[in-house]
Structure formats: C-alpha cells, structure tokens
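# Report on the structure
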2 protein chains.
Amino acid sequence: MATPESNIDVLIIGAGPAGLMAAAWMAHCGVNARIVDKRNTKIFCGQADGLQCRSLEIFDSLGFADRAWKEANHMIEIVLQQGRIERFFLENIKKHSKDAIKVERGVLPESLEIDLSKVDDDAAYPVTIKLRTLNEEESTPPQAANASKIPDGLFRSNLIRDDDEADLIKKAQDRAGASEIVHAKYVIGCDGARSWTRRALGFELDGEATDFIWGVMDIIPITDFPDIRMRCAIHSAENGSLMVIPRENKLVRLYIQLKEVAPDASGRADRSKITPELIFGAAQKILNPYKIEYEYCDWWTAYQIGQRVGTEYDAHGRVFLAGDAVHTHSPKAGQGMNVSMQDTYNLGWKVALAAKGIAKRDILNTYQSERRRVAQDLIEFDHRFSRLFSGRPAKDVLDEEGVSMEVFKDAFLKGNLFASGLSVDYGASNLVVKAGDSLKQGDGSKVLKSVASISEEDFKKKQALASGLPVGMRFNSFKVLNQACARPWHFQEILKADGRFRVVLFAGNILDASQKARVDNFCVALDAPDNFLRKVTPAKAPIDSVIEVLTIHSAKRTDTELLRDFPDILHPFDSHTGWDYNKVYVDDESYHEGFGDAYKNYGVNKQRGCVVVVRPDQYVAWIGELEDFDDLQKYFEGCLLLGQPAPNGVNGTNGTSLPVR
Amino acid sequence: MATPESNIDVLIIGAGPAGLMAAAWMAHCGVNARIVDKRNTKIFCGQADGLQCRSLEIFDSLGFADRAWKEANHMIEIVLQQGRIERFFLENIKKHSKDAIKVERGVLPESLEIDLSKVDDDAAYPVTIKLRTLNEEESTPPQAANASKIPDGLFRSNLIRDDDEADLIKKAQDRAGASEIVHAKYVIGCDGARSWTRRALGFELDGEATDFIWGVMDIIPITDFPDIRMRCAIHSAENGSLMVIPRENKLVRLYIQLKEVAPDASGRADRSKITPELIFGAAQKILNPYKIEYEYCDWWTAYQIGQRVGTEYDAHGRVFLAGDAVHTHSPKAGQGMNVSMQDTYNLGWKVALAAKGIAKRDILNTYQSERRRVAQDLIEFDHRFSRLFSGRPAKDVLDEEGVSMEVFKDAFLKGNLFASGLSVDYGASNLVVKAGDSLKQGDGSKVLKSVASISEEDFKKKQALASGLPVGMRFNSFKVLNQACARPWHFQEILKADGRFRVVLFAGNILDASQKARVDNFCVALDAPDNFLRKVTPAKAPIDSVIEVLTIHSAKRTDTELLRDFPDILHPFDSHTGWDYNKVYVDDESYHEGFGDAYKNYGVNKQRGCVVVVRPDQYVAWIGELEDFDDLQKYFEGCLLLGQPAPNGVNGTNGTSLPVR
C-alpha cells in the first residue's frame, strides 16, 4: 500500500503552550493547519506555572483571560498549572477553528526535507515531513520506577538522555504501517528542549549546563513556617536554598536545591538517584528549625540548570523553532512558559498571513530579529538569578565568595520588574517603522531596516505625536467609550487576535471645523479605490477584513453623533446589518466607570490627534500625522500584498441614504 | 403494571430562572432534588433580559458572574438573553450536583396532595405529586401560525388562554403509561404566570389587567435613529411609545405600544391579530421621521400589561410558589427575571437546610414575610411606570390627562435606582434580629418577630457597632487581604452560596493586649463543646461545615502572624492538609490593588471590632459585641437544630503542635 500524502499550509510539531499558541493563531485566522505531539497524554498537573501580565493580555486578545484569572492564585504574577492553560487553549482552538484543528497525539515526525528550489514560491509546499502514528503504549511517557503513584515530570526534564527518544523512534519504526507524508508550506517546531525539529535541521543551542541540580514538588504542606502562602526564598546557611510559590487550592510549589546530587564526569546528573523522598528531605533541612510535612503530593520533577539559546530561529523562512526548542533556562524565574508562548504569539500571525497570501513572505525574517534578543535577555537574567540563588550566603561583608542578602534582594525585586513581560521593545523592520536597524536589537544574524527608513530626528518627531505609545512596544490600554452606546472599554479589549492590522485614527476635536477638514481629507484618501485599504481587501469581503480602522476622538460624546459627524469609512455600512457601531470611540468620562483620559495617557494632542498602526499582535508599528497618508500607504505596501481594488460598492460604505428592504 | 413510586426531598416544578435558581441551591447544598418542566425545549433567544446588580452578586456567589459579565451588553444594568442565563445555571447545577440534578423536560404534574397529618413531621414526605411524561410533539410549544420562521414567545405570554394548557393535560392523559408518583418533603412551584402549582393549591393572584397591549421584537436594526445603541424611550405625540434596549452582538430589543389592538369585552386581546408585521409597523410610525428597517429578527412576542401578586406564598410550609407564579407585571422595567430568581435565592437555602435537618422548619415562614413585600414594591413601581409609559404625552402644562415629560423623566431615573436590587431590606424574624416585627414589612399574613426580641433602643446600639452593615440588608462588599498570602479579595467573593451561615469576627486591633484578651475570650466560648458551633457540626464533619467563622482584623498585616496571633478555632487544623489559610483576613493596603478601608466602610471601630452573623444568602442577620456570645448562641438556637457536640478532637482544632506523619 502506498504511503498516503497530503498538503497542509501549516504543520505544528509539539502541543505544549508554544505549539498551542501557534495553533490558536491558525484557528483565529482561518488557516489550514495541523498540530501533532508524540506523547499521547495531556498534562494535568505540574510543569510551568507563572503567568506574567503580558501573557494575560495575550489570553485576553484570544478571549480567555478571565478563565485564567478566575482559577489562578493571584500574586504579582499569577500562578496556574500548565495543564489548565493547555485546556483553555484546546477549547479556544476548537471553538475558533470550528473543530477543524485538533491535537493529533501519539504522532511522531520521522524525517524532514526542504525543497530549496521552492522556498521562494508563495504557492509551493516546500517542506516534506514523514509522520508515524504510535500505539498507546509507545506514546505514554515512562514514569520513574521509584515514584510510587505520584505523577512525575522527569520525562520532560533535561535530566533525561536523548537516547530515550531514539529508542522511542526505533520502536515505532519496527512497527508496520501507520505512516504518512505531509507537504507543508510552513512548519513550526515547538517540541521542547530536546527538539526533534531542531536536530533534524542540524541547529545547535549555544550555552552550558551548570553544577546546580534542583528538585520541584507540588504539595499540600503541613507546616509551622509562617510565610508558606507567600512567594518567598529561603537561603539556609549550609543546606542550600528553597523557593516557595503558593498555587491554586491549597497547593504550594517548592523549588529545592539538591546539594547531595552532583553531575558526573560527563556533566550530567544521574536521575535514578532522585526520588521525592530525597527532594523532600533536602527541603526539611533547609527549612529547619521550622517543620514541614505533607500527605498529598500532586507532581514532582528535578532538573539541572542550563542556559542555552539557539543561533538560528528558522531555516529558509519555512521551518521555524520556538519555545524551549530555541532557549532553555531554569524554571524558577517563572518565565519559560511565558516567553515560549510569546515566541509563537509573535510568529503565528506572520505565518498565517503569509500562508493566506495577505502578507509578504519576508515579514517572517522579523521573527528571529524580534524574539532572539528576548531569549538572550531572559537567559542573562536567569544566569545572574540562578547563581545568586544556588550560591552560599555570605557570612559577613568580607566573605567575597558568598552571596550578600542585599544583592539577592535587589535581584529578586528586579526580577519581578523584568517578569511582567511588558518591557519588550521590537526593533526596526518592515513591520516596525523606527530609526536604526535590527543590529540595535543585538541580533547580528539578520539585519533588517524599516522599509521607509527614517532618521533618528524624524522618528523623534513622529514618536512625539503619541509619546505614550512607543513604536515597537505593545499598545498600552486605557479606557475609552463606545460613541454609540457609551459603554466603557479597555482599548486593548478591542484589539482581538484575529490577524487584522489596525489603523487607529486619533481624530482629535472632531467638532472643530479645521480639524474636521483634516479628518475628512484623511478619510477621502482612506476610501480611495487605489489606496491600500481597498486594494488589500479581497473582492466581496467586508472592508475591515484585513485592516480594521478604529477611531478615538476627543470631543464630548453627547455633542457628537456617529452618522452625522464621522465619514462612513470610519463606521462602514452593511446592507444586512446597517452601520457598524463598534468602530468609533471617544475619550470621555463614563457614566459609572470613571475617566480613562486616553489622549493624555497616550500622549496625543487633544485637538490634532494622529494616526497609529497596530500590528495583529498589538505592537505599535507606525505613527504619523493625519497628513502622512503616503507614508502610511508605504508601510502597508512594505509588508502586505496589495491586490486590485474591489469594484465600487462591493465592499461597502458608499452612500449614506437608508436602503429600502 | 403498578405506577412507580419514589421519595424525593425537594421537587421543583418549572425550569425557568426561578426554578433553576432553586435547583442550584439544592446542588450547592447537596440536597436530593428533582426539577421537571412540561416543555421539552430550552429557550435560546428572547424572553427576559435585564440583570440587576444584586443578581450579578448572586451569580458570583454561585460561581458564574464572570461568564454573564463577559457575554452581556453592559448598561447600568446588564443585558443578556434568558437562554444564556439558563445555560449558565444548567452547567453550574451539573457541576455542583455531580450530574445528579438534571432538568427532566416534557414532564407534566397532574395532581398534588398534601397529607396534613404529616406536615409537622421532619422525617415525613407529606406532598404527593403525580407526574406524566409527555411525548415530543405534546411538549413542543405551538408557534403562532402566521409567524413564518421567527421564534415567538406567545406560548409564554399572558395573551394565551388557560384552556390551551387544559388541552395539553387532556391529550397527555389520553395516552397510556409513563406516569409516576412522587412523595416529596417540599415542592417549589416556579411554573410561571399560569402556574399549575398555584391552581392546584387553589390560590389566587390579586390585581387586574390593563388595556395596554405591547409588542416586543429582538432585531438587528438598520436605521438612522441616532440613539439606537442607547437605552432610551420614545414617546410620540399620536402613535404611542417605544422603548429601545441595546443587547449583545448587534441585537436591539424594542418594546412597542400597539395602539391598534384593543382588549375585547372579556378584557383579553385577540392574539391571532398580532404579527411581527403589525408590531414593526407600529414601531415605524412611532419613530417617524427617523427610518427603521430590519433583515434579521431573532424573536418576538406580545403581552397585555397586568399587575398581580399572590395572597399566599406557601401551603403548610411544604409547597411554595415563586417567581411569576406569585407576581406578574410588565416586562419593560426589566425586573421580572431578577425578582423571580431572588425569590428562590431567598427560599432555596431555607428549604435545603430544613430538608437536611440542619435548620428548624419554621424558618420557612420567613419566605413569604420577606419576599411578598418585594413583589408588592415591584408591582407598585411597575404600575406607576407602565401608566406613564403607555399614556399620551401632555400637550402643555394645562393638559392634565397627558403625561408631562418632567414626571416621566423622574420616574425613569428612580426606576434605575430601584432596579439595582440592592435596596431590599428584610424585616425581623427568627433569621433577622432587629426591632419590630414582620407587620412593619407590610405583610400582615404572617407576623414574625426576632426570637430574641429586641427593643428599638437596644437595636440602635447594636446596629451602631457596624453602621455600614444594616441588619436585614445584603452584606456590602469591600476589599480585604488574606492574612497568609496578602491576596486582595472583595469580601463578598468569600461568601459563597454553599448553604453555610457565617460568623464574621471583626477582631479589631489584635496586637493590643486588652483587645487580644477579648478575642481570646470570644474564641474560648466559640470552641466550647456545649456551644452552638460544635453542637451544630455533625460528627466527623469539619468544624466549618454548617457555620464558617471568618475573621477580619485591623492590625498591620506584616506585624501579625496567623499561627502566632490567632486562636486555632479561627483557622482550624486538619491533619491531612494543615491549617486553614483562608479564614483570616486583614483590613490593610494591598500591594497592587489599593486599600479597601473595610472597617471604615463597614462603620466598625478599628480598636474594638464587633461580631456579625451573615445568612447563607449574604443578608446581615445579627450584630453584637465580642461579649454578646449568649445572644449569638440564642440566635442559632432560634433557627438551627443543635445536636450533640462531637467528641473532643473529632472535628479538629485541638492542640497546636505539629503532628508527625
């Protein structure tokens, strides 16, 4: 029987948080995609747990932040087990893909080939992957023999040897049948620290392992230690360190330094020695004179700290690596899952728009230039933090080898700042118009510039039009009101992750005649058939399908009227449902939720306004005056494939008279 | 074949919002219950839509307020279709009853008998009901023949005649088999305006129908009317009135006065004349000179305004009526569903605790004394409001028959105030210790007093201990911090609807030696084996099973320590899971969510504190000093069945030494 072959736009390998985030984009953008994972089980406990602010914003853009918020234990970052997060993703993907994208578990990739003659062809499927379906026994992760009935995570730990996996592949190959060949436009490898995809590409991680071995346990503690429900670090004089992370329900996660286990000559520790009893014994020593016991353990694992980052994030703009496949570090900073998800939150929409023929393929180069720097920052932070944490406390000020409590406390506080994820700042590219190039981002491997290159001085002027919206950073959120119904919205709530770019028109004081004339002129250009908005919109599709125009004005809401004061292109008309009442907002006081003061907070002039482009992942891409329409046009010509404008009237907004049924 | 017979603690008739709320209580309290509905379909559109503040608080206590908030259109009250609310209830009931309580659809009650010799016997099942299962055709509501494919709600409208239902019962009786006999401890009739349960009891509604006929349509409007996304009322000179309620998605609900349809000699309107075309034509006339059209109609109905209230809310404390079964009114005030759900939110826990043998049966008398007055207020409000709304606008100040715009506007604003549902104030009873009796509530049918009757003067002194927590009103919510982990909580979030009473100990300044001595004395009494807390707790059950003790102190959080400063009874020890970290809270500033200033807002002295009892439905029941333990004891003796204290040590909290595993 011939091996079955099929085409797919996007194949995602690995169904952890990074892979699921990529799949979520495909579902939200309506892209033909598959996601496979070699293991047959979902995670129900343990694994990563911290969720930083930016991750919550991302969940909100996908539509499930409220569920995470509700279930989690709230600290400065919120804590939630990975199993729940994966469940939220699965339900979200199911809903948005209408059941088309499902995780195919127990499916192992066996070979990967890229046809270099086709990599520049938009219509081609240049990546060929052979997949094999495992049987149940093969795909169930082996559990440590001595772990009794407590689930452990050693199979995902870096203490496992690569040959375990080779064995798995060999076993599967011995079996007959159940393999298939898939031709993909794009492949995203999210298959973890020992990434099969990375090894198939022959790519390396730069960095090193350390001598520090740590255990992790999720338990319900019975203890007289007073701060057991606070996030805290215990730095004992002789017995090493311990970190307490309170979790949902009564669970507490403990990170416990294992001084009794040391790496062997090869630099790797022997995982067979590591048991929950050994880990908990270490915790009891560190906490002494306080007492700690437990009856219930939810999950445990152990790992060796290693900090590594990938030198290449993609092969030929067709196969991409994300998450632990391109950066590994210690889990204690609670950052790994966040940075991994944010990798594919950055990559997913780019791949989706390229696969759909909406965006130019070369926007894919920005993935490495934007994300590698973030991984490097994370690893630098983790490096400093882990050594401080695993080190011996200083006995006094003269003890230079010891770690002083002052230095430690300082690092801990800075860590919280870094950990929010809101400080990420992407450099110049064809997606971000600012001065300089990607070398400034510390990534020399791909030098990217803004298509419309801009001088430092000119950029300063444009940035000053919206000083609270730094180009390259995520669009900050303040409350505005819907013009039509006065409902207050956090503006970020409107920037849903649906793959659309947004042009945000800060229309200023629309009741002033000269400002109204500026807005009208801008709208005439926007509505012109040979300009970007109509050219990017597919025939017969609504005018807001690819780029959504949103307006925030600063006049009094009750003095203005949607149909009277705003050109139709700002609230398009549809013959089935009438005008769109969800496009125009106002910076005004709400009836019962206060005043967002958005113009002031965004640093925008209340009289004159400005225009801001927001990427599908909510990063600020371009800022200009209402008169800078040509530059705006150039921005979209630089990153999107502009087709022919649809015939007049097909995609709406012509004429303001009320049609008769 | 003999008709099958079975016993059930609680039988709920009708699965609208009132019935589902009752079922939710049974699920949350673990009561053996069934819920039946004669119709086989759930509601997916239309019906009631406004959700007032108090209803949202109630949803929060059940654990699903966030879902309603997320899906709804936010106005001053939020708008959500009844179908979604019923769905939230169904999922909540499924989860909390572990699938035991399911709505049995297409099940019709045929007869009801109360065995008067057994009504005072706690162990008896004195109510006998015969149930018959309908086939699919019988239980599908007939749709108006002329309504094309748009779902209509006429079958629930008061324009339908009672004989439609008689016909349904007759049809079912003609069929063989599929009937059963159920013996119930309690029956709750939530079967709507034409309640079968009410008629089976022979009870009447007091009140009258009016001449005003209204149509209702849920449409996506295509219109140039500027305020179509605002809640507003249009009062035309000659063509009647119209009310606009924006809804979720693009839907808008219109309430439209039908001047062309008049009641016949019997006082009832002919529903065969009423079509969507007739209703929409009336809307177009009222809105003229603005234009309105639609392509999509989601649902429509029509009703005749009638205001009626039941004279009796229960029969022998065994069969209860709730919701539309005991009060009907026009839907425009958006209150019906809220008041109906709040009826059973008041009743459900009382029936649950009586059925479980935890509470004395005579607390059931408070259902009528507390809820009938609310229905009367609602009907009075609706009466005034409807007449204003259906009336002709005044031509000038001399036009006495017309309604002046000033009067109308005033009523509209007052309506919003009334509509929050937060102003409900229950009178004295064995559940609420305040001065006076239930006559003061305007309900002369059952005169109830506080068990420990209290003079006006004494009550004033007690109320002054917590002036922001009026006895008889719902426990207001301010933010406090968890002592152990510093997480901020709205205090109401902790008052979950699980059937437990709460003793809230405002412990005051716990770091002051004399105040600490007062707290210690109170705790010694609380912990004593012959006092209410241990006596009410079943053997082997946790000490917080029936009454939960919660503490809010006012010292600095970081200066206090849970295990050191608070007696064990305030954070009970469990040998499997250690101390309870979720019982002690502090009125202190949070790290990142501001300062709730709870003592100040509750009007409690920061040094001395006080003690407050909260009912399972979050109403304030009793206030006293820390020295008023005897009064507190009397309160619980008055409403609960206190058993024998459990043997020492069985229900926890003895000794503070750490047990060895």
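Right, let's walk through the structure included here. (Residues numbered from 1 in each chain as written. Chains lettered and ligands numbered in written order. Predicted model: local features only at pLDDT ≥ 70, side-chain atom pairs only at ≥ 80, totals over all residues. Heavy atoms only, no water.)

All names here are of chain A. Read from one edge of the open sheet, seven strands run S19-S18-S24-S21-S20-S25-S26, paired in mixed fashion. Strands with a single pairing partner mark the edges of an open sheet, and in this sheet they are strand S19 (488–490) and strand S26 (620–624). On average, each strand axis in the sheet is inclined to that of its neighbour by 30°, with strand direction left out of account. One ladder, built from three bridges, connects strand S18 (residues 479–482) with S19; its direction is antiparallel. Bridge assignment links Val-480 to a residue of S19, and that residue is Trp-489. (Pairing = 2+ DSSP bridges. Helix = DSSP H or I, 4+ residues; strand = E, 2+ residues; numbered from the N terminus. Axes fitted to C-alpha atoms, helices over the stretch in contact; angles between N-to-C directions.)

Attention now goes to helix H1 (residues 17–29) of chain A. Residues and elements named next belong to chain A. With 13 residues, H1 extends 18 Å between its outermost C-alpha atoms, agreeing within 8% with the 18 Å of an ideal straight helix rising 1.5 Å per residue. Of all 13 residues that make up H1, 13 are buried, and the element is covered over most of its length. Once H1 ends, the next one or two residues include Gly-30, with phi positive near 70°. (Expected span 1.5 Å × (residues − 1). Buried < 20%, exposed > 50% of the residue type's maximum accessible area, 1.4 Å probe, protein only.)

Turning our attention to the pattern of salt bridges. Scanning the model with the defined rule gives 72 salt bridges over all chains in all. Two residues, Lys-556 of chain B and Asp-588 of chain B, come together in a salt bridge whose shortest N-O distance is 2.9 Å. Placement of the pair is Lys-556 of chain B in the loop between strand S21 (547–553) and helix H16 (562–565) and Asp-588 of chain B in the loop between strand S24 (584–586) and helix H17 (598–602), with a sequence separation of 32 residues. The salt bridge involving Asp-617 of chain B is made with Arg-615 of chain B; its shortest N-O contact spans 2.9 Å. Arg-615 of chain B carries the same exposure label as Asp-617 of chain B, and that label is buried. In this structure, a network of salt bridges that share partners links the residues Asp-498, Arg-500, Arg-502, Asp-544, Glu-548, Asp-580 and Lys-583 of chain A. (Salt bridge = Lys/Arg side-chain N within 4 Å of Asp/Glu carboxyl O.)

This part covers the sheet that holds strand S19 (residues 488–490) of chain B. All names here are of chain B. Here seven strands make up an open sheet; going across it, the order is S19-S18-S24-S21-S20-S25-S26 and the pairing mixed. At either margin of the open sheet sits one strand with a lone partner, and together these are S19 and strand S26 (620–624). On average, adjacent strands in this sheet sit at an angle of 30° to one another, irrespective of strand direction. Two elements, strand S20 (residues 501–508) and S21, share seven bridges in a ladder whose sense is parallel.

Let us look at unusual backbone geometry. For the peptide bond that leads from Asn-288 of chain A to Pro-289 of chain A, omega is 15°, which places it in the cis range. A positive phi angle, near 75°, is found at Gln-618 of chain A, a position not held by glycine.

This part is about the packing of aromatic side chains. Residues and elements named next belong to chain A. Inspection of every chain in the model, using the stated rule, returns 42 aromatic pairs over all chains. Between Phe-573 and Trp-579, the ring centres sit 4.6 Å apart and the planes meet at 65°, which makes this aromatic pair edge-to-face. Trp-579 matches Phe-573 in its accessibility class, with the two residues each being buried. Pairwise contacts between aromatic rings join Trp-349, Phe-501, Phe-522, Phe-532, Phe-629, Tyr-635 and Phe-636 into one cluster. The ring of Trp-489 has Arg-487 lying over it, and the distance from NZ or CZ to the ring centre is 4.0 Å. (Phe/Tyr/Trp six-rings, centres within 6.5 Å; stacked < 30°, edge-to-face > 60°. Lys NZ or Arg CZ within 6 Å of the ring centre and 35° of its normal.)

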